[in-house]
Number of protein chains: 2
Amino acid sequence: MTTRVRMTPDERREQLLAHGVRLLSTHSVDELSIDMLAEEAGISRGLLYHYFGNKQDFHRAVVRKAADDLIGVTAPPATGEPLERLAASLEAYVDYVVANYEGYSSLVRGAAGGNADLRRIYEEARGALTDRIFVAAGDGDGVDPVLGVTLVDTPASRLMVRGWSAMTEDVVLAWVRDPAGVSKPDLLLMLAAALPGALSGVPAPD
Amino acid sequence: MTTRVRMTPDERREQLLAHGVRLLSTHSVDELSIDMLAEEAGISRGLLYHYFGNKQDFHRAVVRKAADDLIGVTAPPATGEPLERLAASLEAYVDYVVANYEGYSSLVRGAAGGNADLRRIYEEARGALTDRIFVAAGDGDGVDPVLGVTLVDTPASRLMVRGWSAMTEDVVLAWVRDPAGVSKPDLLLMLAAALPGALSGVPAPD
C-alpha cells in the first residue's frame with residue numbers, strides 16, 4: 001500500500017532534481033528534456049515548468065545538483081593518513097564516473113566546448129575539489145606533508161594541483177571507456193602517486 | 001623590387017595554408033573565413049575555393065597544417081640526456097601555445113566540444129606527441145630510463161603518459177592566460193618533473 005506524502009514545494013523540487021540527476025547517469029545533458037523528466041516523475045509538463053522556468057534553467061539546476069552530489073560523495077574521510085584519505089576520495093570519484101558516465105562526460109564536453117552555464121558549474125566543482133586538497137594539507141599552520149611532499153599554497157602549487165585534476169579527469173574517462181586490462185586498484189594507486197609526482201618540481205616559496 | 005615567382009599548384013596551396021595558420025595565431029577556428037584568407041593572401045575568393053572545396057575543408061586543412069607544425073616544432077633534439085630533450089620539447093610547446101593561443105585553444109575547445117573533424121586531428125596530434133615519449137624511451141630494447149624512472153610500454157603507462165599530456169595542456173593554457181608570477185623556467189621544470197611523477201605509481205609488468 002502506497003502512502004502519498006504531502007511535500008513542501010522545496011521538497012518536491014528536490015525530488016524532481018533527484019529524478020533529473022538519475023536520468024543524467026545514462027543521458028547527456030543535451031538529451032535531457034522536460035518531457036523525459038515528466039514521464040520519469042509521472043507528473044505533467046506544466047507542473048515541471050512551474051518548478052523550472054525553461055529548459056536552460058532545468059539543465060542548470062540538474063547539472064548543479066549533480067555537481068553537488070559529486071563534491072559530496074568524494075569528500076575524503078575526516079581522519080586517517082593523507083594517502084588513505086586521498087585514495088578513498090579518488091575511489092569515490094572513479095565510482096561516480098563509472099555510474100554516471102553519460103552525464104558526467106557530457107558535462108566535461110559541454111564545459112570545454114564553450115557552454116557558459118556548464119563551464120561555470122564545472123569550474124566551481126573543480127575548484128571545490130582542488131581547494132579540498134589545500135584545506136586537507138593546511139590543517140594547522142598551512143604547511144603540511146601530503147603523501148611525502150610538502151604542499152604550500154602558492155600560484156605554482158595551485159597550477160600543478162589543477163593539472164593533476166585535469167590528468168585525473170582525462171585518465172578516468174579514458175579508463176572507463178577502455179580499461180585495457182588496468183585494474184581499479186592499480187588505477188587508484190597510479191593516480192594517488194601522481195599527485196606528489198605532479199608537485200615534486202614545485203619550487204619552494206621564497 | 002619584388003619578383004613574382006611562378007609556383008606549382010601544390011606550392012601555392014602550401015603558401016595559402018601557411019597564411020591560414022598565421023591567421024590562426026590570433027583567431028579561433030570558427031572565426032577563420034575564406035574572406036579573411038582572401039584578403040590576407042591578396043587573391044580572389046573563387047581561387048581559394050579552387051584550392052579548398054568549402055569552409056569545412058579549409059578549416060580542416062589549416063588545422064591539420066597547424067597540428068603538423070606543432071608536432072614539428074616540438075620535436076626533441078636527437079641527442080642529449082632524456083631530461084634535456086624533454087625540457088627542450090616542452091619549451092617549444094609552451095612557446096607555440098604563447099604564439100598561437102587563439103587558434104590552439106579553439107582547437108582544444110572544439111575537439112573537446114564534439115567537433116568530429118577537429119577531434120580527429122587533435123587526437124592524432126596528441127597521439128604523435130605521446131608516441132614520441134615511448135619512442136625516445138624505447139631506443140634499444142624498449143626499456144629505458146626516462147628521467148630516472150623505467151618506462152615500459154604497457155596500457156597502464158600509456159594511460160599515465162596520456163594523463164601527463166592532459167595535465168601539460170591544461171597547465172600551459174592556464175599559465176598563458178594568467179602566469180600569476182610563475183616564471184617560464186619554473187613552469188618547464190615543474191612539467192618535466194611531473195612526467196616521472198605521473199609514472200611513479202605504474203606497476204611493473206608481469
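Residues numbered from 1 in each chain as written. Chains lettered and ligands numbered in written order. Predicted model: local features only at pLDDT ≥ 70, side-chain atom pairs only at ≥ 80, totals over all residues. Heavy atoms only, no water.

Per an unreviewed UniProt entry, chain A carries the name TetR/AcrR family transcriptional regulator and comes from Nocardioides iriomotensis.

Comments concerning the UniProt feature "domain: HTH tetR-type" (unreviewed entry) in chain A
Residues given the UniProt feature "domain: HTH tetR-type" (unreviewed entry) here are residues 10-70 of chain A. Taken end to end, residues 10-70 of chain A comprises 75% helix and 0% strand; its first and last C-alpha atoms sit 21 Å apart. (UniProt positions renumbered as here; feature names shortened; annotations may be inferred. Helix = DSSP H or I, 4+ residues; strand = E, 2+ residues; numbered from the N terminus.)

Things to note about unusual backbone geometry
With a phi angle near 50 degrees, A180 of chain A is a residue other than glycine that sits in the positive phi range. Within the secondary structure, A180 of chain A is located in the loop between helix 8 (155-177) and helix 9 (184-199).

Side note on the nonpolar core
Side chains of nonpolar character tend, in soluble globular proteins, to be buried together. Grouped together as the largest cluster of nonpolar side chains are 124 residues, with contacts concentrated most on W164 of chain A together with W164 of chain B. Two domains each provide a minimum of three residues to this core, namely domain 1 (8-61) and domain 2 (74-206) of chain B. (Core = buried A, V, L, I, M, F, W, Y, C linked by side-chain atoms within 4.5 Å. Buried < 20%, exposed > 50% of the residue type's maximum accessible area, 1.4 Å probe, protein only. Domains from an automatic or database assignment.)

Quick look at the packing of aromatic side chains
All names here are of chain A. One pass over the structure, following the stated rule, counts six aromatic pairs over all chains. Their ring planes at 55 degrees and their centres at 5.4 Å tell us that F52 and F58 sit as a pair that is tilted. Under the relative-accessibility criterion, F58 is labelled buried at 0%. Both rings, one in Y93 and one in Y104, keep their centres 6.0 Å apart while their planes meet at 85 degrees; by these two values the pair is edge-to-face. Highlighted residues: Y93 in helix 5 (residues 82-99) and Y104 in helix 6 (residues 101-112), separated in sequence by 11 residues. Of the residues examined, Y93 reaches a relative accessible area of 8% and is grouped as buried. An aromatic cluster is defined as three or more aromatic residues linked by ring pairs; in this entry it consists of Y93, Y96 and Y104. Against the face of F134 rests R158, its NZ or CZ located 4.1 Å from the ring centre. (Phe/Tyr/Trp six-rings, centres within 6.5 Å; stacked < 30°, edge-to-face > 60°. Lys NZ or Arg CZ within 6 Å of the ring centre and 35° of its normal.)

Description of the relation of the copies chain A and chain B
For the pair chain A and chain B, the relating rotation is 180 degrees, the translation along its axis is 0.0 Å, and the fit reaches an RMSD of 0.0 Å. One copy is carried onto the other by what is essentially a two-fold rotation axis. A high fraction, 100%, of the interface residues of chain A reappear at the interface in chain B, so the copies pair face to face through one surface. (Least-squares fit on C-alpha atoms with pLDDT ≥ 70 in both. Contact = heavy atoms within 4.5 Å.)

Considering the packing of helix 5 of chain A against helix 9 of chain A
Residues and elements named next belong to chain A. With their axes 10 Å apart at the nearest point, helix 5 and helix 9 run at an angle of 125 degrees to one another. Between helix 5 and helix 9, the interaxial angle falls into the category oblique. Crossing angle aside, the handedness with which helix 5 passes helix 9 is right-handed. Here L83, L86, L90, E91, V94 and D95 of helix 5 lie close against helix 9, whose contacting residues are K184, L187, L188, L191, A192 and L195. Class assignment of the residues belonging to the contact of helix 5 with helix 9 gives a composition of nine nonpolar, no polar and three charged. (Axes fitted to C-alpha atoms, helices over the stretch in contact; angles between N-to-C directions. Parallel < 35°, antiparallel > 145°, perpendicular 65-115°, else oblique. Left-handed = near helix turned anticlockwise from the far one by under 90°. Nonpolar A, V, L, I, M, F, W, Y, C, P; charged D, E, K, R; others polar.)

Considering the interface of chain A and chain B
Listed by partner, the interface residues are 33 residues for chain A and 33 residues for chain B. Each partner contributes to the roughly 2,500 Å² buried at the junction of chain A and chain B, and carbon and sulfur atoms together form 73% of this total. Broken down residue by residue, the surface that chain A buries against chain B is led by L159, M167 and M190 of chain A, which jointly contribute 23%. Counting every contact that joins chain A to chain B gives four salt bridges. When the shortest N-O distance is used, the salt bridge between D170 of chain A and R162 of chain B registers 2.7 Å. Across the contact surface, chain A and chain B share four residue pairs in polar contact (both at pLDDT 80 or more). The element best represented in the side of chain A that touches chain B is helix 8 of chain A, accounting for 14 residues. Taken together, the residues of the side of chain A that touches chain B break down into 22 nonpolar, five polar and six charged. (Buried area = accessible area lost by both parts, 1.4 Å probe. Salt bridge = Lys/Arg side-chain N within 4 Å of Asp/Glu carboxyl O. Polar contact = N/O pair within 3.5 Å; in protein donor to acceptor, adjacent residues only side chain to side chain.)

So, empty space enclosed by the protein
All names here are of chain B. Taken as a whole and judged by the stated rule, the model has one cavity of 30 Å³ or more. Approximately 100 Å³ is the volume attributed to the largest cavity. What lines the largest cavity is V21, L24, S25, V63, A66, A67, L70, Y96, N100, G103, Y104 and L107. Tallying contributions element by element places helix 4 (residues 55-73) first for the lining of the largest cavity, with four residues. The residues that make up the lining of the largest cavity include at least three from each of domain 1 (8-61) and domain 2 (74-206). (1 Å grid on protein atoms, 1.4 Å probe; cavity = no way out; pocket = protein on both sides within 12 Å on 5 of 7 lines; lining within 4 Å. Points joined across faces, edges and corners; volume = space filled by probe spheres on them.)

Topic: the pattern of salt bridges
Applying the stated rule across the entire model yields 30 salt bridges over all chains. For R64 of chain A, the salt bridge goes to E124 of chain A, with nearest N and O atoms at 2.9 Å. In this pair, R64 of chain A is assigned in helix 4 (residues 55-73) and E124 of chain A in helix 7 (residues 116-137), connecting sequence segments 60 residues apart. Accessibility expressed as a relative area gives 33% for R64 of chain A, which makes it partly exposed. By relative accessible area, which is 41% here, E124 of chain A ends up partly exposed. Residue D131 of chain B is joined to R158 of chain B by a salt bridge in which the shortest nitrogen-to-oxygen separation is 2.7 Å. Taken together, the residues span a long stretch of sequence, with D131 of chain B in helix 7 (residues 116-137) and R158 of chain B in helix 8 (residues 155-177) at a distance of 27 residues. The exposure class of D131 of chain B is partly exposed, given its relative accessible area of 36%. Residues participating in the shared-partner salt-bridge network are D57, R60, D117 and R120 of chain A.

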